[in-house]
Structure formats: structure tokens, C-alpha cells
Amino acid sequence: MAARTGAEETATALGYEQARDELIEVVRRLEAGGTTLEESLALWERGEELAKVCRHWLEGARARLDASLAAERARDEDGEGGAAGPDEE
């Protein structure tokens, strides 16, 4: 079994929306300023982790969409596509 990355472990704990919302808050706090260098670095690191989590979820969603579209094309090519569309008559 392959070792899981920190982003994959965090992704299983955080859904996309949770990670996105927390990332928005991290960015807001960084942009507002007023934090110490250490706090800013910690926020930056958390933001990077959250961005990876979001990217992980989005890449997974893209893969699922691509697989679904490929399966649909394969069915259409095999003649299982159902009724013809307006351009196919």
C-alpha cells in the first residue's frame, strides 16, 4: 500500500467546501495584516495545505467527469446512445 500524503489525509478529514472556506479565511487574515511573522508563516503553511486539499478534490472530480464522459462516448459509439439528436437525423 502506498503512503498517503498529508494533503490526502487532510482531504479525507476535510471536504472540499470546508477546505475552501478555511482557505478563504486564511487569505483574509493574511491580507488584513497585523500578524507576527511567525503567525503569518503558520497561516501561509496552512493555506498551502488547504490549497492542496482543494486541488486533490478538484482533480478527483475532474477524473470522475472524464470517466463518465468517456463511458458515454463509448456507449454512443456502440449504438447505445438512445434517440438521435437534432444534428443526427
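Residues numbered from 1 in each chain as written. Predicted model: local features only at pLDDT ≥ 70, side-chain atom pairs only at ≥ 80, totals over all residues. Heavy atoms only, no water.

## A closer look at a negative patch on the surface
So, step 1. There is a patch of like negative charges on the surface, built from Glu72, Asp76, Glu77 and Asp78.
So, step 2. The topology assignment puts Asp76 in helix H3 (residues 37-77). (Patch = residues over 30% accessible without salt bridge, like charges linked within 9 Å, V, L, I, M, F, W, Y side chains within 5 Å. Areas by Shrake-Rupley, 256 points an atom, 1.4 Å probe, with all protein chains shown as cover. Salt bridge = Lys/Arg side-chain N within 4 Å of Asp/Glu carboxyl O. Lys, Arg positive; Asp, Glu negative; His and termini not counted. Charge placed at Lys NZ, Arg CZ, Asp CG, Glu CD. Helix = DSSP H or I, 4+ residues; strand = E, 2+ residues; numbered from the N terminus.)

## Some points on the pattern of salt bridges
So, step 1. Scanning all chains against the criterion turns up five salt bridges.
So, step 2. Ionic pairing is found between Arg46 and Glu22, a salt bridge with its closest N-O pair at 2.7 Å. Taken together, the residues span a long stretch of sequence, with Arg46 in helix H3 and Glu22 in helix H2 (residues 16-32) at a distance of 24 residues.
So, step 3. The class of Glu22 is partly exposed, set by a relative accessible area of 28%. (Buried < 20%, exposed > 50% of the residue type's maximum accessible area, 1.4 Å probe, protein only.)

## Concerning the nonpolar core
The nonpolar side chains of a soluble globular protein tend to be buried with one another.
So, step 1. Counting residues in hydrophobic clusters, the biggest one holds seven residues: Leu14, Ala19, Val26, Leu43, Leu50, Val53 and Cys54.
So, step 2. Counting residues per element, the ones that place at least two in this core are H2 and H3.
So, step 3. Residue contributions to this core peak at four residues, all from H3.
So, step 4. In this structure, Ala19 is in contact with Leu14, Leu50, Val53 and Cys54, ignoring residues within four places of it in sequence. (Core = buried A, V, L, I, M, F, W, Y, C linked by side-chain atoms within 4.5 Å. Contact = heavy atoms within 4.5 Å.)

## Regarding the environment of Gln18
So, step 1. Mapping Gln18 onto the fold places it in helix H2.
So, step 2. Counting along the chain gives 35 residues from Gln18 to Val53, while the straight-line C-alpha distance between them is 9.9 Å.

## Looking at the packing of H2 against H3
So, step 1. Close contact between H2 and H3 brings their axes to 9 Å; oriented N to C, the two are set at 150°. Regarding the angle of H2 to H3, the classification is roughly antiparallel. With respect to the hand of their crossing, H2 and H3 are arranged in left-handed fashion. Touching Tyr16, Ala19, Arg20, Glu22, Leu23, Val26, Arg29 and Leu30 of H2 are Ser40, Leu43, Trp44, Arg46, Gly47, Leu50, Ala51, Val53, Cys54, Trp57 and Leu58, all from H3.
So, step 2. Each residue belonging to the contact of H2 with H3 can be placed in one class, and the counts come to 13 nonpolar, two polar and four charged. (Axes fitted to C-alpha atoms, helices over the stretch in contact; angles between N-to-C directions. Parallel < 35°, antiparallel > 145°, perpendicular 65-115°, else oblique. Left-handed = near helix turned anticlockwise from the far one by under 90°. Nonpolar A, V, L, I, M, F, W, Y, C, P; charged D, E, K, R; others polar.)

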